Amino acid sequence: MARLVIVSNRVASPKERAAKAGGLAVALREALSQRGGLWFGWSGETEVNPPEAPKVFRSGRVTYALLNLDPEDQRAHYAGYANGTLWPLCHYRLGLLTFRRADWEGYRRVNEHFARALLPLLKPDDIVWVHDYHFMPLAKELRKLGFEGRIGYFHHIPWPTPEVYLSLPSHAALVDDLSHYDLVGLQTENDVRALLTYISSEIHGWIAPGGTVGLKDRRFRVAAYPIGIDAEAFVSDAKKSVGKDEERRLNESLAGRTLAVGVDRLDYSKGLPGKFAAFGELLRSFPEHRSKVTMMQVAPLSRSEVSEYQALRRELEELGGAINGEFAEFDWVPLRYLNRPFQRATLAAIYRRSRVGVVTPLRDGMNLVAKEYVAAQDPEDPGVLVLSRFAGAADELKGSLLVNPYDIEGMAAAMDRALTMPLEERQQRWRTNMDNVETNTIHHWCQRFIDELTNVTDQFGPAGDTWGNARPQ
Ligand SMILES: O=P(O)(O)OC[C@H]1O[C@H](O[C@H]2O[C@H](CO)[C@@H](O)[C@H](O)[C@H]2O)[C@H](O)[C@@H](O)[C@@H]1O
Ligand SMILES: O=c1ccn([C@@H]2O[C@H](COP(=O)(O)OP(=O)(O)O)[C@@H](O)[C@H]2O)c(=O)[nH]1
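Note that the structure is predicted; figures quoted are calculated from it, not measured.

Looking now at the packing of helix α6 (residues 171-178) against helix α7 (residues 189-202). Contact pair α6 / α7: the axes reach a minimum separation of 12 Å and the direction vectors enclose 110 degrees. With respect to α7, the element α6 is oriented roughly perpendicular. Listed contacts from α7 to His171, Ala172, Val175 and Leu178 of α6 are Leu195, Tyr198 and Ile199. Per-class residue counts for the contact of α6 with α7 are six nonpolar, one polar and no charged.

Positioned with a positive phi, asparagine 49 is a non-glycine residue whose angle comes to about 50 degrees. Examined against the element boundaries, asparagine 49 turns out to sit in the loop between β2 (37-46) and β3 (55-59). Phi angles above zero are rare outside glycine, and histidine 204 is one such case at about 60 degrees. Looking at the secondary structure, you find histidine 204 in the loop between α7 and β8 (206-208). Overall, the relative accessible area of 69% leaves histidine 204 in the exposed class.

Another aspect to go through is the sheet that holds strand β13 (residues 335-338). Strand order in the open sheet formed by six strands is β13-β12-β11-β14-β15-β16, with parallel pairing between adjacent strands. Where the open sheet ends on each side, the last strands, each with one partner, are β13 and β16 (401-403). With direction set aside, neighbouring strand axes in the sheet form an average angle of 20 degrees. On top of the sheet, helix α13 (residues 368-375) reaches β11 (258-263), β14 (356-359) and β15 (384-388); it is set at about 170 degrees to β15, its chief contact. Relative to the sheet, helix α14 (residues 408-420) contacts β11, β12 (293-298), β14, β15 and β16, its axis offset from that of β16 by approximately 170 degrees.

The local shell around ligand 1 holds 20 residues, among which Arg10, Tyr78, Asp132, His156 and Asp364 are the closest. Asparagine 367 is positioned with one of its backbone polar atoms (N or O) 3.0 Å from an oxygen atom of ligand 1. In isolation ligand 1 has 560 Å² of accessible area, and contact with the protein removes 96% of it. When grouped by side-chain class, the residues that make up the shell around ligand 1 number eight nonpolar, seven polar and five charged.

For the protein chain, the domain assignment lists domain 1 (4-228 + 442-460) and domain 2 (231-439). Each of domain 1 and domain 2 has a C-alpha centre, and the two are 30 Å apart. Contact residues are listed per partner, giving 28 residues for domain 1 and 25 residues for domain 2. Seen at the junction of domain 1 and domain 2, the total is zero salt bridges.

Further remarks concern the pattern of salt bridges. Scanning the entire structure with this criterion turns up 34 salt bridges. As a salt-bridge pair, arginine 3 and aspartate 126 come within 2.7 Å of each other at their nearest N and O atoms. Residue arginine 3 is found in the segment before β1 (4-8), and its partner aspartate 126 is found in the loop between α3 (101-118) and β5 (127-131); the two are separated by 123 residues along the sequence. Exposure remark for aspartate 126: the relative accessible area of 0% places this residue in the buried category. Across the pair aspartate 245 and arginine 248 runs a salt bridge, and its minimum N-O distance is 2.4 Å. With a gap of three residues between them, aspartate 245 and arginine 248 both fall in helix α9 (residues 245-254), about one helical turn apart.

Right, let's talk about the sheet that holds strand β7 (residues 183-186) for a bit. Here 10 strands make up an open sheet; going across it, the order is β3-β4-β2-β1-β5-β6-β7-β10-β9-β8 and the pairing mixed. Of all the strands in the sheet, just β3 and β8 have a single pairing partner and so form its edges. With direction set aside, neighbouring strand axes in the sheet form an average angle of 25 degrees. In terms of strand pairing, β3 meets strand β4 (residues 62-69) through five bridges, oriented antiparallel. Each residue of the ladder has a partner; that of valine 56, found in β4, is alanine 65.

Calculation rules
Each chain has its residues counted from 1, running along the sequence as written. Starting at A for chains and at 1 for ligands, labels are handed out in the order in which the entities are written. Note on the predicted model: pLDDT of at least 70 is required for a residue's local features to be given, and 80 or more for side-chain atom pairs to be given and counted; whole-chain, interface and lining totals, by contrast, use all residues. Side-chain measures here rest on the full set of heavy atoms in the structure, leaving out hydrogens and waters. Working convention: axes come from line fits to C-alpha atoms, limited for helices to the stretch in contact. Angles between N-to-C directions cover 0 to 180 degrees. Segments assigned H or I by DSSP are reported as helices when at least four residues long, segments assigned E as strands when at least two residues long, and all are numbered from the N terminus. Our angle categories are set so that under 35 degrees counts as roughly parallel, over 145 as roughly antiparallel, 65 to 115 as roughly perpendicular, and the remainder as oblique. Every residue pair with non-hydrogen atoms within 4.5 Å of one another is taken to be in contact. Each residue is assigned to one of three groups, with Ala, Val, Leu, Ile, Met, Phe, Trp, Tyr, Cys and Pro labelled nonpolar, Asp, Glu, Lys and Arg labelled charged, and all others, Gly among them, labelled polar. Exposure classes here rest on a 1.4 Å probe applied to the protein chains alone. A residue is buried below 20% of its type maximum, exposed above 50%, and partly exposed in between. At least two DSSP bridges between two strands are required for those strands to pair. Nearness of a residue to a molecule or strand requires only that one of the residue's heavy atoms be within 4 Å of it. Under this definition, polar contacts are N or O atom pairs within 3.5 Å; protein pairs additionally need one hydrogen-donor-capable and one acceptor-capable atom, and for neighbouring residues in sequence, both atoms have to be side-chain atoms. Computed with a 1.4 Å probe, the accessible areas rest on the Shrake-Rupley method; for each residue, only the protein chains presented here act as cover. An automatic or database domain assignment provides the domain bounds reported here. Every case where a carboxyl oxygen of Asp or Glu lies within 4 Å of a side-chain nitrogen of Lys or Arg is listed as a salt bridge.

Below you can see the structure in the form of structure tokens.
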């Protein structure tokens, strides 16, 4: 079996005991722990004139290779181009997009640095799987250095429609970068449609049946691979939480009240102000829930070096304070707002105790929290998922109450419906969702991408093969 090499900016190192908020690192840890391989990424550290070579160490079946970055390059790459330009673009927030040439150059320098550091660690038959928008140019850089093996790319965030994508000054260069991969994976069919439409209508690419793309002299495949979770582990953690200390403390603190839960990084894509407003609207328009429902929002701080994230934090503190100020009683605080991360086992206990899971991003690549909430439920007495139609997960979790996150009153009405839903309907809806979560697991996702990455190059011939005169019909 060929060795799997994973490249991602964020690496969940085995030394870290604290929970890392972020679906990518959580998902890749599950994927690699099964199969073993090499995980290559940023160390989380910066230094002036960093060494070209990464620090390499082994833990269990996984070898880690972690690279330090120059502080200015790291800023331009992560806070600048990746999270100041690409993140708002892909989440349809053009008003928040900044584009600076210095960030674009820093982004490319980091990709060149990564390619130079990774190349000496690679064997010709490795399967290299690159993750996310931080590394779109990496395959091109590896090819320039002579690597001819299989390279796949998975984009964890949405791919915007062509009208939105065209706002990016470097739009053509980035898709040209993608064409150096053998396989490009996106979360949903909508994302695939958006990218293929851009390629065929804006940059004269060819699309063949099955998502094979021809661009200039290169060919690659684009397809949807919706990411899943380790459903078994979540079911088991949730079951184990019953009767344990944390569950007991949670129950005592709730004093018999119903719980609604939200778990999101503190990110403007997650629709947190709208969610808070909808909870306030629920208490205003459906006063029967006052003193009976508590909402817990876990929102670990994220990307605090980016100014929009600092502004969001202040906005939420104000909104949360206003809701509690308006509705709290001397023995009931409606909204519990926590900025710290929790371990999976604790989250599983909180999900299971919650009658409603409120997942209402304005846009989201997938949203693993939605799937985790479903997996953690008690089949005999499951809670209801209120889910934004703009999360990738909405394509699969058809048993949810789908909402438009821009419609505050609509979300409040959906929360009321979830809180009052009869047991039989809750069970039916949960079963529909759980069938999907149990079938499309993280292991299935990983296996399918790797199998197709292996086959795609067989189909095309050796990497670097060109179209010649043969174009797809
Ligand atoms: O690494 P950070 O900057 O702290 O951010 C955390 C991660 O956020 C994003 O996660 C995405 O991937 C999830 C799994 O596929 C998906 O469910 C979610 O919808 C996405 O937002 C980001 O894409 C990662 O690169 C970050 O590590
Ligand atoms: O306190 C926390 C909050 C979140 N998470 C995990 O972070 C991931 C968030 O992934 P999601 O796809 O929902 O969104 P992202 O943050 O990647 O955009 C999920 O696996 C959560 O269980 C966690 O471990 N501890």
